[in-house]
Amino acid sequence: MMEIEQLNNYNWAALKEEMKQQAKELGIDQIGVASADPFTELKQQLIRHRELGRESGFEEPDLDKRTNPALLFDAPQSIIAIAITYTSKLEDAPRSVEGARRGFIARSAWGMDYHHVLKDRLQKLEDWLREKVPALRIESMVDTGALSDRAVAERAGLGWSAKNCMIISPELGSWIFLGEMITNLPLPPDTPLTDQCGTCTKCLDACPTGALVGPGELDAQKCISFLTQTKRVVPEQYLRKMGNRLYGCDTCQLVCPVNRHKNWTHQPEFEPDPELAKPLLLPLLKLSNRQFKEQFGHTAAAWRGKNPIQRNAVIGLGNFKEAGAVPDLITILLEDPRHVLRATAAWSLGRIGGEAAKNALGQAAETEEHEEVLQAIASSLKKVDYTAEERRLDDKL
Ligand code: B12
């Protein structure tokens, strides 16, 4: 009751306009307001998504919490949604050449971890709002909150929900991070944008694994971004398609015509270090936990630890058929305590081929005990003797 009285004497439309101006000063690229009503349509989509087994497992599991702000916040009145751009072009990118092969980190993990950057911007906005409205209550979220950041951004008119699942802002494109704050302020909502993908299907056509199973529908289990973040042995049918990706995948955004010529460099925190965005693969194999923390600890690529990135480096070296990596891959196959790394090294050695790789696979077949590694060894031993012609045909598959 007290709160309602305290919030009575404001011109909310004027405050919203003032907030939009202030947001620019605070380094927020786009801001909008959504109602805090339940996301009923999204809930149905999420139920279907789950039934079809298309979740990644990284989402908040409670679908009621995901879609009903009132379960997360006492008497919510509006949700303020923000978007912050990130850099998409790597100037002076180091070349990946034989003997010095490099992997690739997705653009969303260049520079500082975006969770901290957006939380910082939201905190500044919260401080400003509290000065204006002392009775403010607020709960901010970036990525790890229960709400669908995209559904909120879409409702707040920041962009449309595109065929590649991304929220695309007509002005900024899709190289944007999203965050939001649920509030007790009855700010008037913005209007959602209409879909602007039209008949374009470039993203659906370009997805390397067919993970975009329909417009706006992603089977996360097939998405390379997801696969790079898992901790298990990557199913064989995806290994080639992962190429040299170490963390995340940008294909469905790179082909998007709206992103053409869009490269945002005004957020200093996201300025990429070329050696980290496109790191040498071989040194990654020997990284200690401490070195991993030092190099990648401040980035968004670090949250799953070093093992997935090392596994992906092994895959990248296999995909490059980097003969110079064979001795290190053999050491992994025969000595690494992590079965995921051993199984992946077995695959890479089979792909690179040669006498040393073949002998090591044969030796490992004698001593290895883990079922998944034994399977990978058996599959690689079949390929390691391929003739040049068989190898060429296999490459085409
Ligand atoms: Co992610 N990810 N992610 N991610 N991820 C988030 C979505 C977010 C919002 C994080 C953030 O900035 N705060 C950003 C997206 C920003 C933007 O849209 N502009 C983000 C990013 C940057 C990425 C990557 C680009 C990273 C990278 O590798 N470079 C890729 C992009 C892959 C892609 O989606 N094309 C990426 C990958 C992933 C994986 C690991 C694969 C999973 C699953 C992604 C997915 O479901 N598409 C993933 C997750 C889990 C999330 C997370 C934590 C939850 C997303 C989720 O719930 N997915 C969010 C943060 C958050 O929301 N808390 C970040 C389930 C789907 C069903 O829900 O995408 O939120 P949704 O729902 C929207 C659409 O799918 C659509 O409606 C919703 C509103 O737009 N929809 C539709 C749902 N069903 C249907 C059905 C039909 C018919 C239609 C038309 C539409």
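Residues numbered from 1 in each chain as written. Predicted model: local features only at pLDDT ≥ 70, side-chain atom pairs only at ≥ 80, totals over all residues. Heavy atoms only, no water.

Visitor: Sorry if this is basic, but what is going on with helix 14 (residues 306-320) here?
Guide: Because each turn of an α-helix spans 3.6 residues, side chains separated by three or four positions in sequence point in the same direction. With 15 residues, helix 14 should cover 21 Å at 1.5 Å per step; its first-to-last C-alpha distance of 21 Å lies within 8% of that length. Where burial is concerned, most of helix 14 is hidden: 13 out of the 15 residues are buried. Trailing helix 14 by a residue or two, K321 shows a phi angle of about 50°, which is positive. (Helix = DSSP H or I, 4+ residues; strand = E, 2+ residues; numbered from the N terminus. Expected span 1.5 Å × (residues − 1). Buried < 20%, exposed > 50% of the residue type's maximum accessible area, 1.4 Å probe, protein only.)

Visitor: Whenever I open this one, the environment of R107 confuses me. Can you help?
Guide: Mapped onto the elements, R107 comes out in the loop between strand 3 (104-105) and helix 5 (114-132). For R107, a relative accessible area of 10% gives the class buried. Here the alpha-carbon distance between R107 and K89, two residues 18 residues apart in the chain, equals 8.3 Å. When near neighbours in sequence (up to four residues on either side) are disregarded, R107 contacts Y86, T87, S88, W175, D250 and L254. (Contact = heavy atoms within 4.5 Å.)

Visitor: Help me understand the UniProt feature "binding site: tRNA" (unreviewed entry) in the protein in this model?
Guide: When the UniProt feature table is mapped onto this chain, "binding site: tRNA" (unreviewed entry) is found at Q229, K231, N289, R290, R304 and K306. Summarising the element assignment, Q229 is placed in helix 8 (residues 224-229). Since its relative accessible area comes to 10%, Q229 is described here as buried. With near-sequence residues (within four places) excluded, Q229 lies in contact with F58, Y247, W303, R304 and R311. At 3.1 Å, the side chain of Q229 and the backbone oxygen of S225 are in polar contact. Beyond its immediate stretch of four places on either side in the chain, K231 contacts R304, P308, R311 and V340. (UniProt positions renumbered as here; feature names shortened; annotations may be inferred. Polar contact = N/O pair within 3.5 Å; in protein donor to acceptor, adjacent residues only side chain to side chain.)

Visitor: Can you walk me through the side chain of R102 in this structure?
Guide: In this fold, R102 is placed in the loop between strand 2 (78-85) and strand 3. A relative accessible area of 7% places R102 in the buried class. Engagement of the side chain of R102 in a polar contact is seen with the side chain of E275, the distance being 3.1 Å. Excluding residues within four positions of it along the chain, R102 makes contact with P94, R95, S96, N244, E275, K278, P279, L280, L281 and F320.

Visitor: How do you make sense of the side chain of S174 when you look at a structure like this?
Guide: Checked against the element boundaries, S174 lands in the loop between strand 6 (167-168) and strand 7 (176-183). Looking at S174, the relative accessible area reads 0%, which means it is buried. There is a polar contact of 2.6 Å between the side chain of S174 and the side chain of Q253.

Visitor: Would you mind going over unusual backbone geometry with me for this structure?
Guide: Across residues other than glycine, the phi torsion is negative in most instances, and most of the peptide bonds are trans. In the Ramachandran plot, A75 falls in the positive-phi region, its phi being about 50° despite a non-glycine side chain. Assignment of secondary structure puts A75 in the loop between helix 4 (63-67) and strand 2. On the basis of relative accessible area, A75 is assigned to the partly exposed category, the value being 43%. Unusually for a residue other than glycine, K321 sits at a positive phi of about 50°. Among the structural elements, K321 can be located in the loop between helix 14 and helix 15 (326-335).

Visitor: For this particular structure, what's the right way to read the packing of aromatic side chains?
Guide: We describe a pair of aromatic rings using the distance from one ring centre to the other and the angle between the two ring planes. Applying the stated rule across the entire model yields nine aromatic pairs. When the ring of F58 is compared with that of W303, the centres are 5.0 Å apart and the planes differ by 80°; the resulting orientation is edge-to-face. Of this pair, F58 sits in the loop between helix 3 (40-51) and helix 4 while W303 sits in the loop between helix 13 (289-296) and helix 14; the two residues are 245 residues apart in sequence, bridging distant segments of the chain. The exposure class of F58 is partly exposed, given its relative accessible area of 34%. The interplanar angle of 65° and the centroid separation of 6.1 Å between the aromatic rings of F104 and W110 together place this pair among those described as edge-to-face. A relative accessible area of 21% places F104 in the partly exposed class. Taken together, the ring pairs in this structure connect Y86, Y114, W175, F177 and F270 into an aromatic cluster. (Phe/Tyr/Trp six-rings, centres within 6.5 Å; stacked < 30°, edge-to-face > 60°.)

Visitor: Even after reading the chapter, I still don't get the pattern of salt bridges, so can you show me in this structure?
Guide: Pairing is possible between side chains of opposite charge, provided their charged atoms come close. With the rule as written, the count across this model stands at 20 salt bridges. Between R50 and E55 there is a salt bridge; the shortest N-O distance is 3.0 Å. Notably, a salt bridge pairs D120 with K124, separated by 3.1 Å at the nearest N-O pair. With D120 and K124 both in helix 5, this residue pair falls four residues apart, about one helical turn. (Salt bridge = Lys/Arg side-chain N within 4 Å of Asp/Glu carboxyl O.)

Visitor: How should the site of the ligand be read in this particular structure?
Guide: Close contacts around the ligand come from 41 residues, with R66, D143, S148, L178 and S225 the closest. A breakdown of the residues in the shell around the ligand according to their chemical character gives 19 nonpolar, 14 polar and eight charged. (Near = heavy atom within 4 Å. Nonpolar A, V, L, I, M, F, W, Y, C, P; charged D, E, K, R; others polar.)

Visitor: Teacher, can you tell me more about the packing of helix 17 (residues 355-367) against helix 18 (residues 371-384) here?
Guide: Between two packed helices, the angle of one axis relative to the other and the distance separating the axes together describe the packing. For the pair helix 17 and helix 18, the least separation of the axes is 10 Å and the interaxial angle reads 145°. Considering only the axes of helix 17 and helix 18, their crossing is left-handed. In this structure, helix 17 contributes K358, L361, G362, A364 and A365 to the contact, and helix 18 contributes L374, I377, S380, L381 and V384. Residues belonging to the contact of helix 17 with helix 18 are distributed by class as follows: seven nonpolar, two polar and one charged. (Axes fitted to C-alpha atoms, helices over the stretch in contact; angles between N-to-C directions. Left-handed = near helix turned anticlockwise from the far one by under 90°.)

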